[in-house]
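So you can see what is in the structure, the chains are spelled out below.
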Amino acid sequence: MFRRRHEHFVAAQANGAEVKTIEGLADGDIFHPVQEGFREKHGLQCGYCTPGMIMTAVHLLETNSNPTDDEIKHALEGNICRCTGYVNIVESVKWAAAKMGGKNVSR
Ligand code: FES
C-alpha cells in the first residue's frame, strides 16, 4: 500500500519534466563519459548500484564540472554500494570530469 502511494507521488512530481534514464545515456555505441569513467576506473563490481551512481554523477557534472572529492561524495551519498568501498566510484567521476573538460555533454 505504501509503495503504491509513493509511486503516485513520484509520478506526480515528474509530470511535465524530462526524465533521463541510464538506458538513454549512451549515444548508440558511444558511452557517456561517466559510463566510460566507471569502466576505466573500475567503479563497479556487481553493478546493482551503478545506474543510480552514474545518473547522480551525470547530474553532478551538469551542475559542477570540476567537483572536489568531498563534493562527489556528498552528491553520491544517497546511493548505497555494498561492493566497492566508493574509492573507485569517486575516481570514476573524477575521470569523467577530466574527460569532459568542464563541458556539459548530457544527451
Ligand atoms: Fe555492487 Fe555497488 S557495485 S552494489
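Data block above holds the structure.
Note that the coordinates shown come from a computational prediction; the quantities given were computed from them, not determined experimentally. Note on numbering: residues in each chain are counted from 1, in written sequence order. Residue-level local features of this predicted model are given only where pLDDT is at least 70; pairs of side-chain atoms are given and counted only at 80 or more, and the full residue set underlies all totals for whole chains, interfaces and linings. In computing side-chain properties, one takes all heavy atoms of the structure into account and sets aside hydrogens as well as water.

1. Quick look at the pattern of salt bridges
Quick reminder of the rule: Any Lys or Arg side-chain nitrogen located within 4 Å of an Asp or Glu carboxyl oxygen qualifies as a salt bridge. Numbered from the N terminus, helices here are DSSP runs of H or I no shorter than four residues, and strands are runs of E no shorter than two. Classification of residues uses two cut-offs on accessible area relative to the type maximum, computed with a 1.4 Å probe and protein chains only: under 20% is buried, over 50% is exposed, and between them is partly exposed.
Tallied over the full model, the rule gives five salt bridges. Here Lys-20 and Glu-62 are joined by a salt bridge, their closest N and O atoms 2.9 Å apart. One end of the pair, Lys-20, is in the loop between α1 (2–14) and α2 (33–40); the other, Glu-62, is in helix α3 (residues 50–63), and 42 residues separate them in sequence. Here Lys-20 falls in the partly exposed class, since its relative accessible area comes to 34%. When its relative accessible area of 27% is taken as the criterion, Glu-62 is described as partly exposed. Through salt bridges with shared partners, a single network forms among Asp-69, Glu-91 and Lys-94.

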